[in-house]
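Understanding the architecture of this molecule
As a plain string of letters, each chain reads:
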Amino acid sequence: MQPVNKMRTEFISKSVNEGFARVVAASFVAQADPPIDILADIRTAVSEAVTNAIIHGYDEKEGIIIMECLLYTDHVEITIEDFGKGIDDIEKARTPLYTSKPELERSGMGFTVMETFMDSLTVESVPGKGTKVHMTKQLEYR
Amino acid sequence: MDVRFKRDGMTLIVSIEGEIDHHTSRLLKEKMDSKFIMEPVKNMIIDLSGVTFMDSAGIGLIKGRMDRVSSVGGKISIRNPKPEIIKMLKMSNIYNLIS
Ligand SMILES: Nc1ncnc2c1ncn2[C@@H]1O[C@H](COP(=O)(O)OP(=O)(O)OP(=O)(O)O)[C@@H](O)[C@H]1O
Ligand SMILES: [Mg+2]
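Residues numbered from 1 in each chain as written. Chains lettered and ligands numbered in written order. Predicted model: local features only at pLDDT ≥ 70, side-chain atom pairs only at ≥ 80, totals over all residues. Heavy atoms only, no water.

So, the packing of aromatic side chains
Here the distance between the centres and the angle between the planes together describe a pair of aromatic rings. Taken as a whole and assessed by the stated rule, the structure comprises 1 aromatic pair over all chains. Seen in terms of ring centroids, Phe11(A) and Phe20(A) are 5.9 Å apart; in terms of plane orientation they differ by 75°. Their pairing is edge-to-face. Given the relative accessible area of 6%, Phe11(A) is considered buried. Sitting above the plane of the Phe53(B) ring, Arg22(A) keeps its charged end 4.0 Å from the centroid. If you follow Lys87(B) out to its NZ or CZ, it ends over the ring of Phe117(A), 4.4 Å from the centre. (Phe/Tyr/Trp six-rings, centres within 6.5 Å; stacked < 30°, edge-to-face > 60°. Buried < 20%, exposed > 50% of the residue type's maximum accessible area, 1.4 Å probe, protein only. Lys NZ or Arg CZ within 6 Å of the ring centre and 35° of its normal.)

Encoded structure:
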């Protein structure tokens, strides 16, 4: 199946871009006219993935983040990629409440939120090379 | 993001407006902690009625303030979250702080 529309946005890992990425993803998906709670879920999941790239991937130093959205008639696929430090143990990282930065008052719920708010979540990571988070969401109630 | 404070006896009422994410939570945390230390209060009410977006950074923020308030023997509660914020609060035990 071919996507009906595609976009790719590249930005640097500044925390102010968390809001930017949410707005960009939501307005791209809005053209499919999904229910507002589905749009809200997408906004939240994008925020989690981009924040992780900034605080974990790049340890708050400057790096590049790429967000790609493929829009299909009934669903959207969103990929958020960084070229930062990567994840050694993905299964452990995805465990609810696990955080490598408790001192920053992180709750360890980011991946759990992405999993709960989206329909699927795939995480690919190579230590020292970076992390790619892939998520899908149906745009209508089933 | 904007934050306003009011005092009601021993309780600090914190009204947050706008979006809570990793970017805004840093300043929010600083402002809440310094007000909590400066004012003669021990309890905290966080009014979320003006919050239009919150991700897991908000859970971390509220949990952190909960620990701070409990450490001086005070009580913390959350007021008026919008439905989309409730969904996020439900991801954690801070959901039980809603009054
Ligand atoms: N892009 C990334 N690069 C490197 N490590 C990551 C990345 N994303 C997540 N991690 C690792 O996975 C852990 C879990 O991530 P998750 O988002 O679930 O929790 P958190 O970011 O620590 O806390 P929260 O999201 O609740 O504020 C992180 O603590 C970090 O160690
Ligand atoms: Mg996270």
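Here we look at the site of ligand 1
In the vicinity of ligand 1 there are 20 residues, among which His56(A), Thr99(A), Ser100(A), Arg106(A) and Ser107(A) approach most closely. Nearby residues place ligand 1 at the junction of chains A and B. Within the backbone of Phe111(A), an N or O atom sits 2.9 Å from an oxygen atom of ligand 1. Notes on ligand 1: free accessible area 600 Å², of which the protein chains cover 96%. In this structure, ligand 1 is accommodated by the largest pocket. Residue assignment for the shell around ligand 1 shows that the elements contributing at least two residues are helix H2 (36-57) and helix H4 (110-117) of chain A. (Near = heavy atom within 4 Å. Polar contact = N/O pair within 3.5 Å; in protein donor to acceptor, adjacent residues only side chain to side chain. Areas by Shrake-Rupley, 256 points an atom, 1.4 Å probe, with all protein chains shown as cover. 1 Å grid on protein atoms, 1.4 Å probe; cavity = no way out; pocket = protein on both sides within 12 Å on 5 of 7 lines; lining within 4 Å. Sits in = over half its atoms within 2 Å of the grid points. Helix = DSSP H or I, 4+ residues; strand = E, 2+ residues; numbered from the N terminus.)

The analysis is restricted to geometry; functional conclusions fall outside its scope.
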